[in-house]
Each structure stands twice: as C-alpha cells, then as structure tokens.
Amino acid sequence: MSTFDVLDAIKAAKGANAKAALVRKLTDIDRTIFKLALDPMKVFYYQVHDADIPTFGEGVAFDDDNIQLRLVALCERLATRAITGHAARDEVTALFRVTSERQTRWCQRIINKDLNIGVEAKSYLKIWPGEFDYFELQLCDKWTDEQCIGWFWQPKFDGLRGCIDKRGDARTMLSRNGLELFGSDHIVEEFKNAASAEGFIPDGELMGRRWNDSISNAKTKGKKTSDNFLNVFDLLTVQEWETRTSKNPTTAQLWEREERRKAFFDANPQFKFIVNVPSGIITPEFTVSHAMQKCIELGYEGVVVKNPSSTYRFKRTQDWLKAKPRDKKELIIVGAKPGDPGTWCESTLGSIAVEHNGVTTDVGTGFSAADRDQLWDLHQKGDLIGKIAEIKFQSITDDGKILFGSFKGIRQDKR
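Residues numbered from 1 in each chain as written. Predicted model: local features only at pLDDT ≥ 70, side-chain atom pairs only at ≥ 80, totals over all residues. Heavy atoms only, no water.

For the overall build of the chain, give the residues involved together with the corresponding values.
Each helix and strand counted, the chain has 13 helices and 17 strands in total. Residues classed as buried in the chain amount to 50% of the 415 residues present. Contacts in the chain between residues far apart in sequence, at least 24 positions, make up 71% of those at least 6 positions apart. Counting only carbon and sulfur atoms, one obtains 49% of the accessible surface of the chain, whose full area is about 20500 Å². (Helix = DSSP H or I, 4+ residues; strand = E, 2+ residues; numbered from the N terminus. Buried < 20%, exposed > 50% of the residue type's maximum accessible area, 1.4 Å probe, protein only. Contact = heavy atoms within 4.5 Å. Areas by Shrake-Rupley, 256 points an atom, 1.4 Å probe, with all protein chains shown as cover.)

Structural data, given as structure tokens:
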C-alpha cells in the first residue's frame, strides 16, 4: 500500500477517530511524506499552480513507490534552496511529466502543504509526538474581570493572524498555524526594504478592505493584490524567533518590545501597507470595559489587554486577554435616531433602539457608513421599525439593558 493509497483512505474516512486509526498505521515512508506536508518549519519556497502541470499522460507514468522517492528528493532540494527560480520550476515540471492524474494531485498538495484530508499538524503530533516542532504564535485567553490595571490595551482586529517569517534570506507571510498566506507579496517587500527590518519578525493581523477580501486574498494561491495590509502589534527579534519555546521563553518583556516597535515605526514613516497598532494603558479610571467600548465605537471587534512584564509565549496564555461582545441576539427594532448635531452622521442614522424582554436599549456602534445611510432611508420611509436586527453584546445589566451592544446586520429573512 503506497502513501498515495493511505492518503486516499484517510481522506475518505468518516470522523476523526477513523482518520486517527489510519494515521497510527503509517509506515516510515508515509511519515516522511506526511512530515513534508505538515511540518510548518519545512518550507519549499515554491507553489505548484494548475497551469504549471503538463497535460496528464504526456510522459510515461511511474509506479507510486518510484514517484514517492522522487517527490521526497525534490522537496529536500526545494527546502534547502539547492534549486530555485527556473531550475526549481524545471524539476517540478519534470516530476509531473511522469505522474498519473492521482499521483499529480497528491504531489501538488504535498508541495503546496495543503493535504486537505482532515488531519492537521496538531492532530498528527498527538499520534506521532516529536516528529517536528508545532508552529504557534502567542494567542489570547478570554478576559473575565475588570483587573489588569497597568496593562497595555490594543484594539482587537477581525482579520487573519499573520507574521513575516525569515528562513535564510527568504521572507514569507505565515498564518498562526505556519501556513503561507498569499496575496501579501507587497507587504513582505515593503517590510524587507524597511530600515532595520533584517533583524525583526513582525507579528500582527492581516486584513483586506473587507473580511471576505482577507480570506480570499490570503487563501488563494497565485492571487495578486495590493488590498491587504498588516496591522503589527508585536515585534520579535530574529534571535528570539529562532530560539522560541513556550516553556522557557527567551524574549524581551512586552514593555521592552513596545519600545522596540515604536522605534521601528518611527524609523519607517514611509509604510503604506504595514500599520502600527495603537495602544494605551488600563487605569482605574479607564478600565478594560472602557477600552473595549472605545474600540467598538472605532469599528474594531473588541480589545486585547496584555501584561507589560510578560515575555512572548508561543502558545495561548493569560498574559494576553481578549474582550469583545460575547453574546448575540436577534432583537426587534423599536426606534431610530439621527446622529448628534455637529457630527459626521448628523444627517443619517445615529443609533437604533432595540427591545429585549420589554426593556429598550440604544445601539449606536457596529454600523458602516453605508449601513447608516441605508437604515436611515428605510426609517424615513417608515420601513425600519419592526425589522429584526442581529446584535452582539457583552452582557445584560440587572435592569435588563444590553451592555456594549454592537450592530451586526438586519435579518432579511425575518420580520
């Protein structure tokens, strides 16, 4: 049974337990090929596009075992950059001239590190621990109370987590799981050309003009765009990045990294696609709830608060806490008001009033400019009252009001 047979079987298997049972039976060559596809630290610096593959049957197809050995050798040459550019393209093309359609499909997915069989690096390592290092950035836990006095706060973005990795001379935009994010060449180039960039790894949130753009641009191989930008909220040195560990972190404390990040952006005012994320300090007068409401009013998803004395841990920790509206309800609209006089929205929608268990709450955040104009037009025509709005919120107060409500949309299928 070849590795390609195993991949077919795992893809067809129903449920995590059935897939895991097959992964436990992998042979040495199977595991070698799985590591090529799943190890985030093994980068091939090459993407196989459908247009790059010769017509099936152009050459004489070899058996699976022969193709697997050729694939392993090719991947190692790509990973060590023994072949690059046209030489890499020629060797990849040469492989596909002697593969069947099925062999081509799996070779393409392995080189592109996109198996799509329902087995990811984390689940593989539970069965075969120690095969490679699992890639992970520092992640937030959930905020639960009003403490955190003296902590930094930053807006929480609704994008794709991304960092600009460094392997030798190459730079690549990677996701939180170590997968390449596409449509970011302009960002990577801008960073490479920045003063002092050689020594740093930026960590942030990749976004497009809209959420769907972020997903499409970053997940589509070969996508060319200049719509994406990177919101940078942390900056590690290359040495910190290369010696990373979650058990005994060797990074600077956050307050030092904040000074480092400020100095880096001060030295690079020319950035167009790399954004310095604003930050502030939590105080008894300006609490986490205040910071969250401010961020929501500015159009962010919520707020992240960070322990200034913490080192960067490559895992989920309570040194970073995220706060955002945690619940969601569909509520009837019972009123609407224009924006306050003298504000940019004085001639359009300022807020809607929604009702929950007989108690009315005004909701004035979460609207785009287009939302405000469209809803105000509906209100002027008498068609807004009675519609159902989807509202995200933090909690409900003792007197029944929605706390930190944010508009998410109108349910067009309900009235």
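Could you give an account of the sheet that holds strand β14 (residues 388-393), with specific residues and numbers?
By definition, the strands of a sheet pair up through backbone hydrogen bonds, in either a parallel or an antiparallel sense. Read from one edge of the open sheet, five strands run β13-β12-β11-β14-β17, paired in antiparallel fashion. Looking at the sheet topology across the chains shown, the edges are occupied by β13 (359-363) and β17 (406-410). Put simply, the sheet's adjacent strands are angled 45 degrees from each other on average, direction ignored. In this sheet, β14 lies alongside strand β11 (residues 327-338) in antiparallel orientation, the contact comprising six bridges. Looking across to β14, one finds that K328 is bridged to K392. (Pairing = 2+ DSSP bridges. Axes fitted to C-alpha atoms, helices over the stretch in contact; angles between N-to-C directions.)

If you had to explain the sheet that holds strand β7 (residues 274-276) to someone new, which residues and values would you point to?
Ordered by their spatial adjacency, five strands build an open sheet running β4-β3-β5-β6-β7, and the pairing between neighbours is mixed. Each having just a single partner strand, β4 (170-175) and β7 make up the two edges of the open sheet. Each adjacent strand pair in this sheet contributes to an overall mean axis angle of 35 degrees, direction not counted. Across eight bridges, the pairing between strand β5 (residues 200-207) and strand β6 (residues 229-237) is antiparallel. From the neighbouring strand, D203 faces β6, where its bridge partner is D234. Sitting on the sheet, helix α8 (residues 185-192) touches β3 (160-167), β4, β5, β6 and β7, and the angle it makes with β4 is about 130 degrees. Its contacts with the sheet put helix α11 (residues 254-266) on β5, β6 and β7, and the angle it makes with β6 is roughly 125 degrees.

Mind laying out the nonpolar core, listing which residues take part and the relevant values?
Core analysis: the biggest nonpolar cluster contains 40 residues, and F34, L78, I110, I111, L115 and Y124 have the highest contact counts within it. Elements represented by at least two residues in this core include exactly α1 (3-12), α3 (28-38), α4 (64-79), α5 (85-96), α6 (101-111) and α7 (121-127). At seven residues, the largest contribution of residues to this core is made by α4. With 18 residues, the next largest nonpolar core counts V188, F200, F265 and F271 among its residues. (Core = buried A, V, L, I, M, F, W, Y, C linked by side-chain atoms within 4.5 Å.)

Before we move on, can you summarise α5 with the specific residues and values?
Look at α5: 17 Å from first C-alpha to last across twelve residues, which is about the 16 Å you get at 1.5 Å a residue. As for α5, its buried residues are in contact with α4 and α6. (Expected span 1.5 Å × (residues − 1).)

Residue-level account of the pairing of strand β12 (residues 349-356), with values.
With seven of its eight residues buried, β12 lies for the most part within the structure. Here six bridges tie β11 to β12, and the two strands are oriented antiparallel to one another. Looking at β12, one finds that I333 is bridged to V354. Pairing analysis gives five bridges linking β12 to β13, with the strands arranged antiparallel.

Would you mind going over unusual backbone geometry in detail, with residue names and values included?
Comment: phi is negative for the bulk of residues other than glycine, and the bulk of peptide bonds are trans. Residue C148 is not a glycine yet carries a positive backbone phi of 85 degrees. Its identity as a non-glycine residue notwithstanding, N357 has a phi of 55 degrees, on the positive side. Following the sequence through the fold, N357 ends up in the loop between β12 and β13.

Can you break down the side chain of Q103 residue by residue, with the values?
As for its placement among the helices and strands, Q103 is situated in helix α6. Under the relative-accessibility criterion, Q103 is labelled buried at 3%. Among the polar contacts listed, one links the side chain of Q103 to the side chain of D64, at a separation of 2.7 Å. If we ignore the near neighbours within four places in the chain, the residues touching Q103 are F4, F62, D63, D64, I67 and V98. (Polar contact = N/O pair within 3.5 Å; in protein donor to acceptor, adjacent residues only side chain to side chain.)

Describe the packing of α1 against α6, listing the residues and the values that go with them.
α6 packs onto α1 with a crossing angle of 80 degrees between their chain directions and a minimal axis gap of 10 Å. Classed by the angle they form, the pair α1 and α6 counts as roughly perpendicular. Residues F4, D5, L7, D8 and K11 of α1 pack against R102, Q103, R105, W106, C107, R109 and I110 of α6. Its residues placed into classes, the contact of α1 with α6 shows five nonpolar, one polar and six charged. (Parallel < 35°, antiparallel > 145°, perpendicular 65-115°, else oblique. Nonpolar A, V, L, I, M, F, W, Y, C, P; charged D, E, K, R; others polar.)

So what's going on with the packing of aromatic side chains? Which residues, and what values?
One pass over the structure, following the stated rule, counts 14 aromatic pairs. Ring centres of F200 and F264 lie 5.7 Å apart, and the angle between their planes is 75 degrees; this geometry places the pair in the edge-to-face category. Linking F200 in strand β5 with F264 in helix α11, this pair joins segments that are 64 residues apart in sequence. Each member of the pair F200 and F264 is classed as buried. Pairing W241 with F314 gives two aromatic rings, centres 6.0 Å apart and planes at 65 degrees, and the pair type is edge-to-face. Of this pair, W241 sits in helix α10 (residues 238-242) while F314 sits in the loop between β9 (302-306) and β10 (316-323), and the two are 73 residues apart along the sequence. (Phe/Tyr/Trp six-rings, centres within 6.5 Å; stacked < 30°, edge-to-face > 60°.)

Remember that the coordinates give geometry; whether it matters functionally is a separate question.
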